[in-house]
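Spelled out, the chains give:
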Amino acid sequence: MAAPDSRPLISAPARAAVWLSEGLLRAERAAVTCLMALLFGLIVLNVASRYGGFPIFWVDEAAVFAVVWLTFVGASAMSRLRLDFAVTLLTGAVPPAVATVLRRFAAGVNLLFMLTLALMCTWWLDPVGLARAGFDAKAFAGESFNFIYTERTQALAWPTWVFYLVMPLFALCASVHALANLLEVLGWVTPVQREPPNGPVEA
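Residues numbered from 1 in each chain as written. Predicted model: local features only at pLDDT ≥ 70, side-chain atom pairs only at ≥ 80, totals over all residues. Heavy atoms only, no water.

## Side note on the packing of helix α3 (residues 96-125) against helix α7 (residues 166-186)
Okay, step 1: Running from N to C, α3 and α7 cross one another at 160°; their axes reach a closest spacing of 8 Å. As summarised for this structure, α3 and α7 are arranged roughly antiparallel, according to the angle between their axes. Our pair here, α3 against α7, has a crossing hand that is left-handed. (Axes fitted to C-alpha atoms, helices over the stretch in contact; angles between N-to-C directions. Helix = DSSP H or I, 4+ residues; strand = E, 2+ residues; numbered from the N terminus. Parallel < 35°, antiparallel > 145°, perpendicular 65-115°, else oblique. Left-handed = near helix turned anticlockwise from the far one by under 90°.)

Put into C-alpha cells, the structure is as follows:
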C-alpha cells in the first residue's frame, strides 16, 4: 500500500488547472501530428507539381503558414513538457534551496509573460471593437485604423486573421501550462510523471 501523502490537501482550482493543462497538451500533440502530416503533404505536392511542370503557386504560402502554426503549437506543448530552452548555469551553481527559489521565480515570470502576451493579443485583435462595429471589417478598420480583418494573404487570398489566431491561442494555452508548471514547482500539486522522450529506462 502506498504511503499517504503528507502534504496539505490539494485545492480543487489547482487540480482543475493541471487537468486543463493536460487536456490541452493532448490536443496540442494531436495538432502537431496533423500539422506535420499537412506540412509533409504540402512539400511532396510542391515537389511533384514542379517536377511535373505544373507548379501550384499557393503551396509555398500554405507550407509557410503550416510551419508557423506548427512552431507555436509545438512551443506551447514543449513548455508543459519542460522541453523548452532553459539556462541552468545559475541554478546548478547555488545550493538546492536557492535553486528551488529561482525555479519558482522563473515559473512565475513565465506565467506573467504569457498573460501579458494574451492581453496584448486582445488589444491587437480587439474583439470588443469589432463587435461594436457590427462585425463589419471595413467599418472597424475605418474607426480604429486596425486593418487585420480586411487583409488577405497574397496567394491563398484567405483572411490573414485566420492564420494570426495562432498567437492568442498560443498565449492562452501557454498561460495554462505556465500556471500548471508553477503549481507543481510550488508543491501545491503532484508533478505529472512522464516517461523519458526515448521511452522508459530499463534498469
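## A word on the layout of surface pockets
Okay, step 1: Of the pockets and cavities examined, the largest pocket occupies roughly 640 Å³.
Okay, step 2: Along its surface, the largest pocket is lined by 19 residues, and Arg82, Ala86, Arg103, Ala106 and Ala107 are the ones closest to its centre.
Okay, step 3: Those elements that provide at least two residues to the lining of the largest pocket are α3 and α7.
Okay, step 4: If you tally residues by element for the lining of the largest pocket, the top one is α3, at 7 residues.
Okay, step 5: Residue composition of the lining of the largest pocket, grouped by class: 10 nonpolar, 6 polar and 3 charged. (1 Å grid on protein atoms, 1.4 Å probe; cavity = no way out; pocket = protein on both sides within 12 Å on 5 of 7 lines; lining within 4 Å. Points joined across faces, edges and corners; volume = space filled by probe spheres on them. Nonpolar A, V, L, I, M, F, W, Y, C, P; charged D, E, K, R; others polar.)

## Observations regarding α7
Okay, step 1: Compared with an ideal rise of 1.5 Å per residue, which puts 21 residues at 30 Å, α7 spans 30 Å between its outermost C-alpha atoms and is within 8% of the ideal.
Okay, step 2: Downstream of α7 by a residue or two, Gly187 has a phi angle that is positive, lying close to 85°. (Expected span 1.5 Å × (residues − 1).)

## Brief notes about the pattern of salt bridges
Pairing between side chains becomes possible if they bear opposite charge and their charged atoms approach one another.
Okay, step 1: For the coordinates displayed, the defined rule picks out 4 salt bridges.
Okay, step 2: Arg80 serves as the salt-bridge partner of Glu22, at 3.0 Å between the closest nitrogen and oxygen. Within this pair, whereas Glu22 is found in helix α1 (residues 12-51), its partner Arg80 is found in helix α2 (residues 59-81), the two being separated by 58 residues in sequence.
Okay, step 3: Looking at Glu22, the relative accessible area reads 15%, which means it is buried. (Salt bridge = Lys/Arg side-chain N within 4 Å of Asp/Glu carboxyl O. Buried < 20%, exposed > 50% of the residue type's maximum accessible area, 1.4 Å probe, protein only.)

## Looking at the confidence of the model for the chain
Should the pLDDT be low somewhere, the predicted coordinates at that spot are not to be read in detail.
Okay, step 1: Mean pLDDT over the chain: 86, with 91% of residues reaching 70 or higher.
Okay, step 2: Taken as a whole, residues 1-7 scores under 50 in pLDDT and shows 4 contacts with residues more than four places along the chain or in a different chain. (pLDDT = per-residue confidence, 0-100. Contact = heavy atoms within 4.5 Å.)

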